[in-house]
Amino acid sequence: MLKDITIGQYFPGKSFLHRMDPRMKIILTTAFIVLLFIVGNWMGFVISIGFLITAIAVSQIPFLLVLKGVKPIIPLVIFTSVLNIFFVDGQVLLSIGFLRITLEGVLLALKMTIRIICLIMGTSLLTYTTSPIALTDAIERLLKPLNKIRFPVHEMAMMMTIALRFIPTLIEETDKIMSAQKARGADLESGNLLQRAKALVPILIPLFVSAFRRAEELALAMECRCYHGGEGRTRMRQLSMSRLDFYGAAITALCFIAVIVANLLL
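Residues numbered from 1 in each chain as written. Predicted model: local features only at pLDDT ≥ 70, side-chain atom pairs only at ≥ 80, totals over all residues. Heavy atoms only, no water.

(A) Just the overall build of the protein chain, in detail. Each helix and strand in the protein chain was counted, giving 11 helices and two strands. The linear arrangement of helices and strands in the protein chain, starting from the amino end, is α-α-α-α-α-β-β-α-α-α-α-α-α. By its C-alpha atoms, the protein chain is 65 × 60 × 40 Å across when sized along the principal axes. A fraction of 73% describes how many contacts in the protein chain between residues 6 or more apart in sequence connect residues 24 or more apart. Of the roughly 16700 Å² of accessible surface on the protein chain, 69% is carried by carbon and sulfur atoms. Of the charged side chains in the protein chain, 27 are positive and 17 negative, and the gap between their average positions amounts to 5 Å. (Helix = DSSP H or I, 4+ residues; strand = E, 2+ residues; numbered from the N terminus. Contact = heavy atoms within 4.5 Å. Areas by Shrake-Rupley, 256 points an atom, 1.4 Å probe, with all protein chains shown as cover. Lys, Arg positive; Asp, Glu negative; His and termini not counted. Charge placed at Lys NZ, Arg CZ, Asp CG, Glu CD.)

(B) View of helix H11 (residues 243-265). The end-to-end C-alpha separation of H11 is 33 Å, in line with the 33 Å expected for 23 residues at 1.5 Å each. When H11 is considered as a whole, its buried residues turn out to be Leu244, Asp245, Gly248, Thr252, Cys255, Phe256, Val259 and Ala262. In the core, the buried residues of H11 are packed alongside helix H1 (16-19), helix H2 (22-38) and helix H3 (42-59). (Expected span 1.5 Å × (residues − 1). Buried < 20%, exposed > 50% of the residue type's maximum accessible area, 1.4 Å probe, protein only.)

(C) Examining the pattern of salt bridges more closely. For the structure shown, the criterion picks out four salt bridges. Note that aspartate 21 is salt-bridged to arginine 23, the shortest N-O span being 3.0 Å. The class for aspartate 21 is buried, based on a relative accessible area of 3%. For arginine 214, the salt bridge goes to glutamate 173, with nearest N and O atoms at 3.1 Å. (Salt bridge = Lys/Arg side-chain N within 4 Å of Asp/Glu carboxyl O.)

(D) Structural context of the nonpolar core. Counting residues in each nonpolar core, the largest one holds 29 residues, and the members touching the most others are Phe32, Leu52 and Leu125. Looking at this core, the elements with two or more residues in it are H2, H3, helix H6 (103-128) and H11. Residues in contact with leucine 125, not counting those within four places in the same chain, are Leu17, Leu52, Ala55, Ile56, Ser59 and Ile61. With six residues, the next largest nonpolar core counts Ile26, Leu135, Ala138 and Ile139 among its residues. (Core = buried A, V, L, I, M, F, W, Y, C linked by side-chain atoms within 4.5 Å.)

(E) Structural view of the side chain of serine 124. Within the secondary structure, serine 124 is located in helix H6. Here isoleucine 120 takes part through its backbone oxygen, which lies 2.6 Å from a polar atom of the side chain of serine 124. (Polar contact = N/O pair within 3.5 Å; in protein donor to acceptor, adjacent residues only side chain to side chain.)

(F) Quick peek at the packing of helix H7 (residues 132-142) against helix H8 (residues 153-183). The geometry of H7 relative to H8 is characterised by a closest axis approach of 9 Å and an angle of 150° between their N-to-C directions. As summarised for this structure, H7 and H8 are arranged roughly antiparallel, according to the angle between their axes. For the pair H7 and H8, the sense of crossing is right-handed. Where H7 abuts H8, its residues Pro132, Leu135, Thr136, Ile139 and Glu140 lie against Val153, His154, Ala157, Met158, Met160, Thr161, Leu164 and Arg165. (Axes fitted to C-alpha atoms, helices over the stretch in contact; angles between N-to-C directions. Parallel < 35°, antiparallel > 145°, perpendicular 65-115°, else oblique. Left-handed = near helix turned anticlockwise from the far one by under 90°.)

(G) Representation of a nonpolar patch on the surface within the structure. A cluster of nonpolar side chains, namely Val34, Ile38, Met43, Val46, Leu254, Ile257, Ile260, Val261, Leu264, Leu265 and Leu266, defines an oily patch on the protein surface of about 1100 Å² accessible area. Elements with a minimum of two residues in the nonpolar patch: H2, H3 and H11. Broken down by element, the nonpolar patch gets its largest block of residues, six residues, from H11. With respect to the helices and strands, isoleucine 260 occurs in helix H11. Judged by its relative accessible area of 41%, isoleucine 260 falls in the partly exposed class. (Patch = residues over 30% accessible without salt bridge, like charges linked within 9 Å, V, L, I, M, F, W, Y side chains within 5 Å.)

(H) Structural view of the pairing of strand S2 (residues 99-102). Bridging between strand S1 (residues 92-96) and S2 involves four bridges; their strand directions are antiparallel. Considered in S2, the bridge of valine 92 is made with threonine 102. Hairpin connection from S1 to S2: two residues lie between these consecutive antiparallel strands, with glycine 97 at a positive phi of about 65°. (Pairing = 2+ DSSP bridges.)

(I) Structural view of the packing of aromatic side chains. Within the structure shown, the criterion is met by three aromatic pairs. A ring pair is formed by phenylalanine 11 and tyrosine 128, whose centres lie 5.2 Å apart and whose planes are at 70°; its orientation type is edge-to-face. Of this pair, phenylalanine 11 sits in the segment before H1 while tyrosine 128 sits in helix H6, and the two are 117 residues apart along the sequence. Relative to phenylalanine 45, the ring of tryptophan 42 has its centre 5.6 Å away and its plane inclined at 45°; by these criteria the two rings are tilted. Here the residue tryptophan 42 and the residue phenylalanine 45 both occupy positions in helix H3, the gap between them amounting to three residues, near one helical turn. (Phe/Tyr/Trp six-rings, centres within 6.5 Å; stacked < 30°, edge-to-face > 60°.)

(J) Spatial organisation of the packing of helix H5 (residues 74-87) against H6. Interhelical geometry of H5 versus H6 gives an angle of 155° and a closest axis separation of 8 Å. Here H5 lies roughly antiparallel to H6, going by the angle between them. Pair H5 / H6 crosses with right-handed handedness. Judged by residue contacts, Val77, Thr80, Ser81, Asn84 and Ile85 of H5 engage Gly105, Val106, Leu108, Ala109, Met112, Thr113 and Ile116 from H6. Considering only residue class, the contact of H5 with H6 consists of seven nonpolar, five polar and no charged. (Nonpolar A, V, L, I, M, F, W, Y, C, P; charged D, E, K, R; others polar.)

Here is the structure:
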């Protein structure tokens, strides 16, 4: 399960999405999230899914790899679907005791499942095609107007990117600790819920110790290099918009218009 978590990983490439400005990619990703939640009918879902599949194909990242990132959230998808199926009023399809499965509940569960899966896959493309450094610069540039109200934009962007970058590292560390505990005879898979929770204690304690040690080493390395925030800091690569960014924005706008038209006509 841990190996299926791909959040925060970057896959170098020279595709259309890789060459786009990271600021535009953040804006378009946000627009795609909004698009998923304004979809009102099945035609809108077809348009959104088609847009997502096209983006994955253009990014040249294997579809199975993107789909693999959805696996860790399957329990959340199942839980959400069950709540919608059994607790939404409407035309009853099946009654089991006090539980009733309704047509409206099934349709709503299906729509929520599609939304969540598309949301995870769409946002994953942002980290797959954008390096952590470029992502930091983009977040800082987009939030730059907040400097006028003395908001610590650079520090916030740096913390967000470091947290995102350390997710794969912590996952790898967790996997190593679990393997070490299993080699010592620890049983992490059998027993009831309480017993499994207690079995996680020998994993969580060394994981927290390792995380704090890595954070201290990172802070010490930054101090040794005289790092003191974004004031007077220059960048090796300057961000600039190109035709690719405007092409991507235009395609996303067309998709937005198509979904709105589908909502109005259907």
